[in-house]
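The chain contents come next:
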Amino acid sequence: MEDSHSMARISAVIFDLDGTLLNTEQVTKSILKEFLAKYGKVQDSDKERKRLGLTFKESSIAIVNDYDLPLTPEQFVQEIIPMYHGKWLLAKALPGANRLMKHLHKHGVPFALASNSLGKNIDGKISHHDGWKERFTVILGSDQVKSGKPSPDIFLEAAKRMEVDPLHCLVIEDSPVGVKAGKAAGMKVVAVPSLQIESDSYSIADSTLHSLLEFQPEQWGLPQFGDWVDNTLPIEPIHLAGVFSNGLLQTYADNELTALPDQIWGLYIGWAKFDGQKVFKAVISIGWSVCRCNSKRKIQPCILNESDADKDDSKMQLLLVGYLQRSCG
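Residues numbered from 1 in each chain as written. Predicted model: local features only at pLDDT ≥ 70, side-chain atom pairs only at ≥ 80, totals over all residues. Heavy atoms only, no water.

## Points about the pairing of strand β1 (residues 12-15)
Defined as follows: The buried label applies to any residue whose accessible area, calculated with a 1.4 Å probe on protein chains only, is under 20% of its type's maximum; exposed applies above 50%, and partly exposed to all values in between. Each helix is a run of DSSP H or I of at least 4 residues and each strand a run of E of at least 2, with the numbering of both proceeding from the N terminus. For two strands to be treated as a pair, DSSP must find at least two bridges joining them.
What you see with β1 is no split at all: Ala12 and Ile14 on one side and Val13 and Phe15 on the other are buried throughout. Pairing of β1 with strand β4 (residues 169-173) involves four bridges; the strand directions are parallel. By the bridge assignment, Ala12 is partnered in β4 with Cys169. Of the pairings in the sheet, the one linking β1 to strand β2 (residues 111-114) comprises three bridges and is parallel in character. Looking across to β2, one finds that Ile14 is bridged to Ala112.

## Looking at the pattern of salt bridges
What counts, and what does not: By definition, a salt bridge exists where a carboxyl oxygen of Asp or Glu is found within 4 Å of a side-chain nitrogen of Lys or Arg.
One pass over the full model with this rule turns up ten salt bridges. Asp16 is the partner of Lys149 in a salt bridge, and the nearest nitrogen-oxygen pair spans 3.0 Å. Of the two residues, Lys149 is situated in the loop between β3 (138-140) and α9 (153-162) and Asp16 in the loop between β1 and α1 (24-27); the sequence distance between them amounts to 133 residues. Per residue, the accessibility class of Lys149 equals that of Asp16, and both read buried. Taking the shortest distance from any N to any O, the salt bridge between Glu157 and Arg161 comes out at 2.9 Å. Of this pair, Glu157 and Arg161 both sit in helix α9, four residues apart, which is roughly one turn of the helix. The partly exposed category is assigned to Arg161, whose relative accessible area is 42%. Linked by salt bridges that have partners in common, Asp16, Lys149 and Glu173 make up one network.

## Describing the packing of aromatic side chains
Spelled out, the test is: Two rings from Phe, Tyr or Trp (for Trp, the six-membered ring) form a pair when their centres are within 6.5 Å of each other. A pair whose planes differ by under 30 degrees is stacked, one over 60 is edge-to-face, and the rest are tilted. The rule for a charge over a ring is simple: NZ of Lys or CZ of Arg within 6 Å of the ring centre, and within 35 degrees of the ring normal.
Taken as a whole and judged by the stated rule, the model has nine aromatic pairs. With centroids separated by 5.4 Å and ring planes inclined at 75 degrees, the aromatic side chains of Phe111 and Phe136 adopt a geometry described as edge-to-face. Taken together, the residues span a long stretch of sequence, with Phe111 in strand β2 and Phe136 in the loop between α8 (132-135) and β3 at a distance of 25 residues. Grouping residues by exposure puts Phe111 and Phe136 together as buried. Here the aromatic cluster, defined as three or more aromatic residues joined through ring pairs, consists of Phe15, Phe111 and Phe136. Just above the ring of Tyr67 sits the side chain of Lys47; from NZ or CZ to the centre is 4.9 Å. Across from the ring centre of Phe225, 3.5 Å away, lies the NZ or CZ of Arg99, which sits over that ring.

## Here's the deal with the side chain of Ser151
Our working rule: In protein, a polar contact requires one atom able to donate a hydrogen and another able to accept it; more generally it is a pair of N or O atoms within 3.5 Å, and residues adjacent in sequence count only if both atoms are side-chain atoms.
One can find Ser151 in the loop between β3 and α9. Among the polar contacts listed, one links the side chain of Ser151 to the side chain of Asp153, at a separation of 3.0 Å.

## A word on the side chain of Thr28
Going by this rule: Whether two residues are in contact is decided by their heavy atoms: any pair within 4.5 Å suffices.
Assignment of secondary structure puts Thr28 in the loop between α1 and α2 (29-38). There is a polar contact of 2.7 Å between the side chain of Thr28 and the backbone oxygen of Thr24. Excluding residues that lie within four positions of it along the chain, Thr28 makes contacts with Tyr84, Lys87 and Trp88.

Structure representation (structure tokens):
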């Protein structure tokens, strides 16, 4: 990996959509499980990981084959797409996504959306996000180019429409398939893995981040952010709830609407409240404990100016309001 990312100055940015800007994959993850159950099939997590980043057409063919469904890929699409439409409206911007797009737009840096989704599905996913459609210089789906990712076609077409040399484009992706496509296009690539346990699969990326909150535009010759306040970045509030045990927060069973995205990682400042007690200021560390193929989120709140010794097994609520910048060195 090069020490300097800005050898070829970046003039434009190309984003993936699902898992990079929006948590669509998270809010829709139960749909396939429900669909397969109708046919007496059980969802296999290993098969799902292998499909990460495929085009919708490729993914549909793979699902029909992997689960030996009594359907053609076309019939599968007709049955499952209506189930997705309502869920897409619930998808939220991932940490740092709105901030980065607003920053680039403010400074006149063109940016495109290049997704393996179909064009009409992209519209259904982003239309209710204020300003998104208007800010993108170019929006492309896999059905608008010859081949989807990992082919470089969609990134090269985005660069062509923005009238920017591919060498001066920066791709931001969450899947290994998208990273391969960006590198094949001759572009710089920042990986923000949507599955942190798969982070070893992104070694060809020029940079790998836990979330877009870590992105530093100046490393790529782009205008620097100016919104840090004493090494703290104000963020949209994040709510967590569970049981405090042995110094860790054990969150309640997740569903697709309350589950934390994998990209929530790092040190945060916020507030903690135990059952029936006052609110305390807290610093919260969020990471992953990885052992072989198994992984578990680790949430460690540190209550400031107060002992937590007598609070074991108490119900706890956390409100994260700021992201803390880690010092270098």
